[in-house]
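Structural overview for review
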Amino acid sequence: MTLGRAFPYGKLIFFATGNMHKFNEARRVLAEYNISVAMVRVKTIEIQDDDIESIAEASAIDAARKINLPVIVEDAGLFIDALNGFPGPYSSYVYRKIGLDGILKLLEGIENRRARFKSVVAFSDTDGSVKYFRGFVEGRITRVARGYGGFGFDPIFEPDEQPGKTFGEMTIEEKNKISHRARALREFAKWYRDQFSP
Ligand code: IMP
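Attention in this report is confined to the structure presented alongside it.

About the criteria used
- Position numbers for residues start from 1 in each chain and track the written sequence from start to end.
- Where totals are concerned, whole chains, interfaces and linings use all residues; where local detail is concerned, this predicted model gives features only for residues with pLDDT of at least 70, and gives and counts side-chain atom pairs only at 80 or more.
- To obtain the side-chain values, all non-hydrogen atoms of the structure were used and water was disregarded.
- When at least one non-hydrogen atom of a residue lies within 4 Å of a molecule or strand, that residue is treated as near it.
- Whenever two N or O atoms come within 3.5 Å, that pair is a polar contact, provided that in protein one can donate a hydrogen and the other can accept it, and provided that, for residues adjacent in sequence, both atoms are side-chain atoms.
- For the area figures, the Shrake-Rupley method with a 1.4 Å probe applies, and any residue is considered shielded solely by the protein chains shown.
- Numbering goes from the N terminus for both helices and strands, where a helix is a DSSP run of H or I of at least four residues and a strand is a run of E of at least two.
- Each residue gets one label: Ala, Val, Leu, Ile, Met, Phe, Trp, Tyr, Cys and Pro are nonpolar, Asp, Glu, Lys and Arg are charged, and the others, such as Gly, are polar.
- In this scheme Phe, Tyr and Trp rings, the latter by its six-membered ring, pair at centre separations within 6.5 Å, and the angle between planes marks the pair as stacked below 30 degrees, edge-to-face above 60, and tilted otherwise.
- Between buried and exposed lies partly exposed: a residue is buried under 20% and exposed over 50% of the maximum accessible area for its type, with that area taken using a 1.4 Å probe on protein chains only.
- In this text, buried Ala, Val, Leu, Ile, Met, Phe, Trp, Tyr and Cys residues form a nonpolar core when linked through side-chain atoms within 4.5 Å.
- Every residue pair with non-hydrogen atoms within 4.5 Å of one another is taken to be in contact.
- The rule for a salt bridge is simple: a side-chain nitrogen of Lys or Arg has to be within 4 Å of a carboxyl oxygen of Asp or Glu.

Turning our eyes to something else, we now look at the site of the ligand. Surrounding the ligand, one finds 15 residues, the nearest of these being K22, A76, D154, K175 and R181. A distance of 2.8 Å is found between an oxygen atom of the ligand and a side-chain nitrogen or oxygen belonging to K175. In isolation the ligand offers 480 Å² of accessible surface; the protein chains occlude 91% of this area. Where the shell around the ligand is concerned, the elements lending two or more residues are strand 3 (71-80), helix 4 (91-106) and helix 6 (180-194). Among the residues forming the shell around the ligand, the class breakdown is five nonpolar, four polar and six charged.

A complete count under the given rule lists twelve aromatic pairs for this structure. Ring centres of F117 and F167 lie 6.1 Å apart, and the angle between their planes is 20 degrees; on these two criteria the pair is classed as stacked. Of the two residues, F117 is situated in strand 5 (residues 114-124) and F167 in the loop between strand 7 (157-159) and helix 5 (172-178); the sequence distance between them amounts to 50 residues. Here F117 matches F167 in class, with each residue buried. Pairing F123 with Y192 gives two aromatic rings, centres 6.0 Å apart and planes at 50 degrees, and the pair type is tilted. Of this pair, F123 sits in strand 5 while Y192 sits in helix 6, and the two are 69 residues apart along the sequence.

It is worth spelling out the nonpolar core at this point. With 20 residues, the main nonpolar core has I13, L30, I72, F123 and F188 as its most contacted residues. When residues of this core are traced back to their parent elements, those giving at least two are strand 1 (12-16), helix 2 (20-31), strand 5 and helix 6. Top element by residues in this core is helix 6. It accounts for seven residues. What I13 contacts, discounting residues up to four positions off in sequence, is L30, I35, S36, V37, A38, P70, V71, I72, F123, F188 and Y192. In terms of nonpolar packing, the next biggest core, distinct from the first, is built from 18 residues, I80, F117, F153 and F157 among them.

Once their charged atoms are close, side chains differing in charge can pair, the charge on each being opposite to the other. One pass over the structure, following the stated rule, counts 21 salt bridges. Across the pair R114 and E138 runs a salt bridge, and its minimum N-O distance is 3.4 Å. Taken together, the residues span a long stretch of sequence, with R114 in strand 5 and E138 in strand 6 (residues 130-141) at a distance of 24 residues. Here R114 falls in the partly exposed class, since its relative accessible area comes to 28%.

Given below as structure tokens:
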């Protein structure tokens, strides 16, 4: 990829998402690298697959083709050990169908609360080439939901790196220090910044 010479937009990246929370998290993380981000609301295909890499890849290629610009998409999931990694790639569907209470019910009486969020940021150029960047955060599922910040499963996820607080009880800045998405975005940002180096 020869982004440095061929890419006319400077350090700007288009982020295909309809999720304002993801966009706000990304905006702050990418600003640390002097990268501006524009939110593009383009409906992309969401394939069903067991790994979030494939889902992110298909969606990034589709987004770049539709808007004819280099673009990132981000796909994430919550993987709960006691449920053999469920809901994982089905997190969005499961969140919509059973929500936080549904997950807490599934874990009722279960001592092992270990879980992790995984995020994949997929960058696609208009020629269809794709790169991935991954991020993880380890933690546990709480017994009750706590906090009103963030989105999705944030109120029931307590990261190991900040015990005693769920993502839902954190500010965006606090969440961004350790979150799966921020980590994947930082990996992307380091690579993207290098594309512009002389
Ligand atoms: P998506 O398919 O990447 O939009 O994410 C799948 C689902 O996982 C979302 O609908 C959320 O419920 C959940 N999710 C993803 N990232 C996060 C996060 O940072 N916090 C809480 N829930 C998340």
